[in-house]
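Structural description and commentary
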Amino acid sequence: MTDTLSYRQLFNELENLNASAYDMLIQGNFEGFTDLLITFVDSGITEQKNFPYARAAYRFSAMPFTLNHMWFSPDARNILSDYIFFSITQGWTIKDIQERDLYPVYINMANSLALTDNEKAQAKQERMESSLSKKRWEAYETFIEKYNELYKQHGNVTVFGVPLVDDVEAHQMSYIKKIVELAEIRSRFHLTFDFTCTTVDNTALEGMNLPQKINYLTNNLPDLYQKGTQKFNPHIQDFLTVKEDDERILASNYIQGKGIDRKNWKNYTHGQLPNIPLFYLELAFYLSIPSSDEVEKFMNLHGYSIKGPMTHFHDIYCGKNVYHILHRDLCRWIDAGIDYNLINEMCGMKLSVTEKEQRLLAAKRRQN
């Protein structure tokens with residue numbers, strides 16, 4: 001590819017990649033998913049000078065669409081688009097919401113990563129007309145400033161130019177405190193557009209694969225139109241609502257959604273390092289660390305790696321087959337720009353689980 005793509009074009013390419021990837025998985029076509037990635041990389045898009053900045057901004061700026069806190073991919077959210085247009089946002093589509101609340105944040109993030117301070121001052125910035133976009137942008141600026149300080153070591157006594165560690169616990173906590181602070185700041189702009197539908201039972205969705213989930217939703221969402229007519233169902237709002245306030249994704253809830261008890265996050269904040277490699281990988285995903293090299297650096301900080309040629313990431317069930325995914329495969333997905341939420345969805349994980357949801361699910365399981 002010789003043409004230089006704009007940030008909007010790169011954003012569209014990443015959106016299309018993830019929508020197509022999800023579509024392949026819905027069809028149970030894992031080979032199609034891998035071929036899609038090969039085609040994407042071979043096209044030269046990932047070699048574009050601005051691709052790393054666009055990929056990072058794409059991850060940081062993402063605002064997942066959720067139904068009853070269940071994540072929807074770029075393609076699957078089309079199921080809800082008409083409902084949102086007709087009954088919730090008074091004529092706004094999902095694309096309209098993205099243009100207002102997401103895209104301006106993305107373009108500013110991409111520019112802030114790629115340009116020098118002088119260039120930023122001269123560059124034309126995308127207008128942020130919504131208060132939500134401004135809030136997210138301000139939180140991101142603080143986040144990236146703190147993230148750039150994460151790996152700096154401090155100490156008065158040095159050996160061969162490296163600070164001497166005379167207190168291991170204090171040394172560990174110096175990093176942990178910075179990561180906990182990053183997670184708190186991340187929650188300020190790691191938000192969701194959350195919709196609630198009373199005709200959808202999340203418990204029924206547990207254990208379903210992607211095609212089964214889409215089939216269930218198609219059959220259980222309320223009728224958009226009155227039977228036998230093209231007239232809008234005036235009672236749709238009795239079943240489907242959208243939260244007006246910003247829905248934060250907290251680190252503890254995100255970790256719980258991956259089947260890792262939230263107490264591990266609490267222990268981590270107090271200096272107890274969980275002996276669970278997936279905990280640190282998912283924490284890197286939560287922080288939206290954008291590339292496999294940067295994720296590796298974060299994993300190395302905690303004594304783990306995703307760069308080994310032998311190590312196993314996760315088994316993925318697609319169609320009638322099971323696929324054993326190695327960390328080297330995961331690294332290729334990360335660097336191509338596959339959404340971390342899509343990767344977790346492929347592994348049967350949830351976006352997040354609140355403490356209230358955790359208690360309700362436990363109660364239902366006991367009843368059954």
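Summarised in this report is the structure supplied together with it. (Residues numbered from 1 in each chain as written. Predicted model: local features only at pLDDT ≥ 70, side-chain atom pairs only at ≥ 80, totals over all residues. Heavy atoms only, no water.)

**A short note on helix H15 (residues 292–301)**
Worth spelling out the cut-off: Each residue gets one of three labels from its accessible area relative to the maximum for its type: buried under 20%, exposed over 50%, partly exposed in between, using a 1.4 Å probe on protein chains only. Secondary structure follows DSSP: runs of H or I at least 4 residues long count as helices, runs of E at least 2 residues long count as strands, and numbering of each begins at the N terminus. Here the arc refers to the set of directions running from the helix axis out to each C-beta atom. For this analysis, residues touch if any pair of their heavy atoms sits within 4.5 Å.
Taken residue by residue, H15 has Ser 292, Val 295, Glu 296, Phe 298 and Met 299 as its buried positions. Angular distribution of buried residues about the axis of H15 spans 160 degrees; they occupy a single face of the element. Buried residues along H15 sit against helix H9 (168–189), helix H14 (277–286), helix H16 (327–336) and helix H17 (340–346). Trailing H15 by a residue or two, Gly 303 shows a phi angle of about 90 degrees, which is positive.

**Describing the nonpolar core**
Where we set the bar: Side-chain atoms within 4.5 Å are what join buried Ala, Val, Leu, Ile, Met, Phe, Trp, Tyr and Cys residues into a set we call a nonpolar core.
Membership of the largest hydrophobic core comes to 102 residues, with the highest contact counts inside it found for Phe 30, Phe 33, Leu 67, Tyr 106, Leu 287, Trp 333 and Ile 338. Excluding anything up to four places from it in sequence, Phe 30 contacts Leu 25, Ile 316, Cys 318, Tyr 323, Ile 325, Trp 333 and Met 346.

**Points about the pairing of strand E5 (residues 191–197)**
What counts, and what does not: Strands are labelled as partners when DSSP assigns at least two bridges between them.
Buried residues dominate E5, accounting for 6 of its 7 residues. The sheet contact formed by strand E1 (residues 65–67) and E5 spans 3 bridges and is parallel. Note on E5: the bridge partner recorded for Phe 65 is Phe 193. As judged from the 2 bridges shared by E5 and strand E7 (residues 247–248), these two strands associate in the antiparallel manner. Residue Thr 192 lies in a different strand from E7, and its bridge partner there is Glu 247. Looking at chain direction, E5 and strand E6 (residues 240–242) are connected through 3 bridges and run antiparallel. When the sheet's bridge partners are listed, Thr 196 is paired in E6 with Thr 241.

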